[in-house]
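# Summary of structural features
Read off the chains here:
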Amino acid sequence: MAKTLVIDPVTRIEGHAKITIYLDDAGEVQNAHFHVTQVRGFEKFCEGRPFHEMPSLMARICGICPVSHLLASAKACDGLLAVRIPVPAANLRRILNLAQMIQSHALSFFYLSSPDLLLGMDAEPAARNLFGVAQQQPQIARDGVRLRQMGQQMIEMLGGKRIHPSWVVPGGVNAPLSAEHRDKILAMIPEGITTVQRTITWFKGVIEKYAPEIQTFSRVKTLFMGLVNGDGNLEFYHGYLRLGDAAGNIIADHLDPVAYQDYIGEAVEPWSYLKSVFYKPQGYPAGIYRVGPLARLNVVNACGTPLADAEMPFFRTLDRQSSFHYHYARLIEILHGFEKVQELLHTPDILSQRVRAEAMPNSNEGIGVAEAPRGTLIHHYKIDDNGLITHANLVIATGHNNLAMDRSVYEVAKEYVKSAHMNEGMLNRVEAVIRTFDPCLSCSTHAIGQMPLQLELIAPDGTVVETLAR
Amino acid sequence: MILVIGYGNPLRGDDAIGQVLAEQLASRFAPELLQTLPCFQLTPELAQPISAAAAVLFIDADIQLTPYTVLYQTVQPEPSGALVHHVTPGSLLTLATQLYGRVPPARLIRIGVPYLEYSAELSPSLREYVPHFLDYAEAILRKWL
């Protein structure tokens, strides 16, 4: 008899989602979907707000990656002002972004995914969390806590607070970096590098244990997209967009991020509030692609820092279609983050007092693009002549990955879910493929056109009195 | 050094009382005697400063207590729940032991609050009690010092 399995909620991710697995009469998986069950709607309710509020407003989209939204939003506002911000300001924004990469990647790898990797996909659910890791592998837990702490301390020293710092503003940042904070951040770097290298060494030593998952997680074939700098190297703040495949072939290069609508499309599916983003030249849904750490390292020529680049030969031996390798890519990006912060803090004018370009609005449209921990983030604003927002479109990193996540749950469910021999570990593997993407679902759902909506009026006794739908 | 961790959501009205008290207690003590960590919620990263402290005082709002009353209790290490985003004072003590080999004495002040509605401020009635709560917490801390 046909049956439907529901995993609700999906655990150890950011935000709210469920997975539905449809079994046919023989108990085999016929289809599966990944449903994002929350709507944020920032694109709509920011209409009418003064544009200079947008960075602070948009930072509230998320408590894990607020810096990403601050930066993309501020860059969009830079476009509205039509200014080129001072170089020290751009570098300070870069350092803030790198600090966020470090803390967010640490959260994803150590807090959310390491329980599966260290304790096993079939471990007891009650123990399959950071506390379980602390009990069995305290060094790894300690390292994860310390890396996250370091990233957050850097953000606090730069921006004034760890979550929703208000330091990034249209035109630059609102205060220069002090010598004291520069020196404190520099003092953290050696420990940060040693800590993440310890985890990389451990992870590379055990990666073969996950061969079945690596193979299953590679069944969804996609392109990959990320920002690169002028040398084709890893770039999180400002550059060109590049699309490539897992073999390292470049499909499209030097794409102007501001012209994103020429090559990126957004579609809506009835099973999720999350938009499905696709590469327009290949149409929908064939234009499926991924973003984030795996995608970035697949499309770059190099990371551009020596220790991270030393990891790339091994990385390139892996099956880079497999979403499992997001984990290793995340660790490489943490390592790169520490190296790049160190490099930027040694630039001669990093303590410059000139960190903001002042102007009135000079354009009615601004687009800001930056790499968030989870992938490419786009903020697109239009304003009226009074500087009030008339339109906002956000293309969130997790949205770029929506099609790939949806297909991935189907492929993994097909491999592991057998109705005749059901166990919790099978369902955990379906969740685990979602965790490789490190989705940020609170960030990801806003609006496109008119949202499908169903309202139920429910009496105190639970009876549904009336239903309205569109 | 004694550590004060006051936590709560500053956008949910009186839930912010823990943060407010932690912020204001800092000015009543020399910095070498007291470290305060106002925070939105308890997270695993707090295990490290907890393990290094001589003693820890947690401060939190509690909608289930009679408003404006205070409950003062000892915190013992306890097993964690399955969800890392619902970390408790007791589970942080356990984590401090597991990761850093040390757990200090710990207490919790629970403050009964009337309102957890969307607001960036404490309710006026609770705000009137803030000096009283500060004096109460200060007296506890001075006994420890």
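Residues numbered from 1 in each chain as written. Chains lettered and ligands numbered in written order. Predicted model: local features only at pLDDT ≥ 70, side-chain atom pairs only at ≥ 80, totals over all residues. Heavy atoms only, no water.

To continue, consider the overall build of chain B. Counting its secondary structure elements, chain B contains four helices and five strands. For chain B, the succession of helices and strands along the chain, N to C, is β-α-β-α-β-β-α-β-α. Compactness check: chain B gives a C-alpha radius of gyration of 15 Å against a globular reference of 15 Å for 145 residues, within 12% of the reference. Each of the three principal axes of chain B carries a C-alpha extent, and together these read 45 × 35 × 20 Å. Considering only intrachain contacts with a sequence separation of at least 6, the fraction spanning at least 24 residues in chain B is 79%. Of the roughly 6,800 Å² that chain B leaves accessible, carbon and sulfur atoms contribute 55%. (Helix = DSSP H or I, 4+ residues; strand = E, 2+ residues; numbered from the N terminus. Rg over C-alpha atoms; globule rule 2.2 N^0.38 Å. Contact = heavy atoms within 4.5 Å. Areas by Shrake-Rupley, 256 points an atom, 1.4 Å probe, with all protein chains shown as cover.)

Once that is clear, we can look at the packing of aromatic side chains. Geometry of an aromatic ring pair is reported as the spacing of the ring centres plus the angle between the planes. Residues and elements named next belong to chain A. All chains considered together, the criterion is met by 15 aromatic pairs over all chains. On the basis of an interplanar angle of 50° and a centroid distance of 4.6 Å, the ring pair of Phe42 and Phe45 is categorised as tilted. Taken together, the residues Phe42 and Phe45, both in helix α1 (residues 42–45) and three residues apart, mark about one turn of the helix. Phe42 gets classed as buried once you look at its relative accessible area, which sits at 6%. (Phe/Tyr/Trp six-rings, centres within 6.5 Å; stacked < 30°, edge-to-face > 60°. Buried < 20%, exposed > 50% of the residue type's maximum accessible area, 1.4 Å probe, protein only.)

A separate point is the side chain of Ser91 of chain B. In this structure, Ser91 of chain B sits in helix α3 (residues 89–100). A residue is classified by how much of its surface remains accessible, and Ser91 of chain B, at 2% relative accessible area, is buried. Discounting residues that sit within four places of it in the chain, Ser91 of chain B has contacts with Phe131 of chain A together with Glu78, Pro79 and Ser80 of chain B.

This part is about the confidence of the model for chain B. Of all residues in chain B, 97% attain a pLDDT of 70 or more, and the chain-wide mean is 93. ipTM for the predicted complex: 0.81, alongside a pTM of 0.90. (pLDDT = per-residue confidence, 0-100.)

Residues and elements named next belong to chain A. Taken in spatial order, the four strands line up as β8-β7-β6-β11 in an open sheet, and their pairing is mixed. Either end of the sheet is taken by a strand with one partner, and the two such strands are β8 (250–255) and β11 (289–290). Alignment of strand β6 (residues 223–228) against strand β7 (residues 240–244), held across five bridges, turns out to be antiparallel. Bridge pairing in β7 links Val228 to Tyr240. (Pairing = 2+ DSSP bridges.)

Attention now goes to the pattern of salt bridges. Evaluation of the coordinates by the stated rule reveals 31 salt bridges over all chains. Across the salt bridge formed by Glu431 of chain A and Arg435 of chain A, the nearest N and O atoms sit 3.3 Å from each other. With a gap of four residues between them, Glu431 of chain A and Arg435 of chain A both fall in helix α14 (residues 424–437), about one helical turn apart. Residue Glu431 of chain A shares its accessibility class with Arg435 of chain A, and that shared class is buried. The partner of Arg28 of chain B in a salt bridge is Glu138 of chain B, and the shortest N-O contact between them spans 2.7 Å. Residue Arg28 of chain B is found in the loop between α1 (17–25) and β2 (34–39), and its partner Glu138 of chain B is found in helix α4 (residues 124–144); the two are separated by 110 residues along the sequence. (Salt bridge = Lys/Arg side-chain N within 4 Å of Asp/Glu carboxyl O.)

This brings us to the sheet that holds strand β14 (residues 389–395) of chain A. Sheets are built from strands that pair by backbone hydrogen bonding, the pairs being arranged parallel or antiparallel. Residue and element names in this part refer to chain A. Taken in spatial order, the three strands line up as β12-β13-β14 in an open sheet, and their pairing is antiparallel. Where the open sheet ends on each side, the last strands, each with one partner, are β12 (365–372) and β14. When the angles between neighbouring strand axes are averaged without regard to direction, this sheet yields 15°. Both strand β13 (residues 375–383) and β14 contribute to a ladder of six bridges, which runs antiparallel. Paired with Ile383 across the strands is Ile389, a residue of β14. (Axes fitted to C-alpha atoms, helices over the stretch in contact; angles between N-to-C directions.)

Another point: the packing of helix α4 (residues 87–119) of chain A against helix α6 (residues 138–159) of chain A. All names here are of chain A. Interaxial distance between α4 and α6 falls to 8 Å at its minimum, and their mutual angle equals 160°. On the basis of their axis angle, the class for α4 and α6 is roughly antiparallel. The element α4 and its partner α6 pack so that their crossing is left-handed. Contact residues: α4 offers Ile95, Leu96, Ala99, Gln100, Ile102, Gln103, Ala106, Leu107, Phe110, Tyr111 and Leu118, while α6 offers Ile140, Asp143, Gly144, Val145, Leu147, Arg148, Gly151, Gln152, Met154, Ile155 and Leu158. A class-by-class count of the residues in the contact of α4 with α6 yields 15 nonpolar, five polar and two charged. (Parallel < 35°, antiparallel > 145°, perpendicular 65-115°, else oblique. Left-handed = near helix turned anticlockwise from the far one by under 90°. Nonpolar A, V, L, I, M, F, W, Y, C, P; charged D, E, K, R; others polar.)

All names here are of chain B. Extensive coverage of strand β5 (residues 106–112) is indicated by the burial of five of its seven residues. In this sheet, β5 lies alongside strand β3 (residues 55–62) in parallel orientation, the contact comprising seven bridges. Opposite Ile59, over in β5, you have Ile109 as the bridge partner.

Bringing the layout of surface pockets into the picture now. Residues and elements named next belong to chain A. Counted as a void, the second largest pocket has a volume near 490 Å³. What lines the second largest pocket is a set of 21 residues, and nearest its centre among them are Lys75, Asp78, Arg84, Tyr237 and His238. The element that contributes the greatest number of residues to the lining of the second largest pocket is α4, accounting for five residues. Considering only residue class, the lining of the second largest pocket consists of ten nonpolar, five polar and six charged. (1 Å grid on protein atoms, 1.4 Å probe; cavity = no way out; pocket = protein on both sides within 12 Å on 5 of 7 lines; lining within 4 Å. Points joined across faces, edges and corners; volume = space filled by probe spheres on them.)

Take the interface of chain B and chain A next. One frequent convention defines the size of an interface as the accessible area lost when the parts assemble. Each partner contributes to the interface: chain B provides 14 residues, whereas chain A provides 15 residues. Taken together, the two surfaces of chain B and chain A that pack against each other cover about 1,400 Å², and 65% of this comes from carbon and sulfur. Inspection of the chain B/chain A interface yields one salt bridge. In this structure, Arg148 of chain A and Glu45 of chain B form a salt bridge, with 3.2 Å as the shortest nitrogen-oxygen distance. At the boundary of chain B with chain A, the tally comes to four residue pairs in polar contact (both at pLDDT 80 or more). At the level of secondary structure, the elements contributing two or more residues to the side of chain B that touches chain A comprise α2 (47–52) and α3 of chain B. Element by element, the count of residues in the side of chain B that touches chain A is highest for α3 of chain B, at five residues. (Buried area = accessible area lost by both parts, 1.4 Å probe. Polar contact = N/O pair within 3.5 Å; in protein donor to acceptor, adjacent residues only side chain to side chain.)

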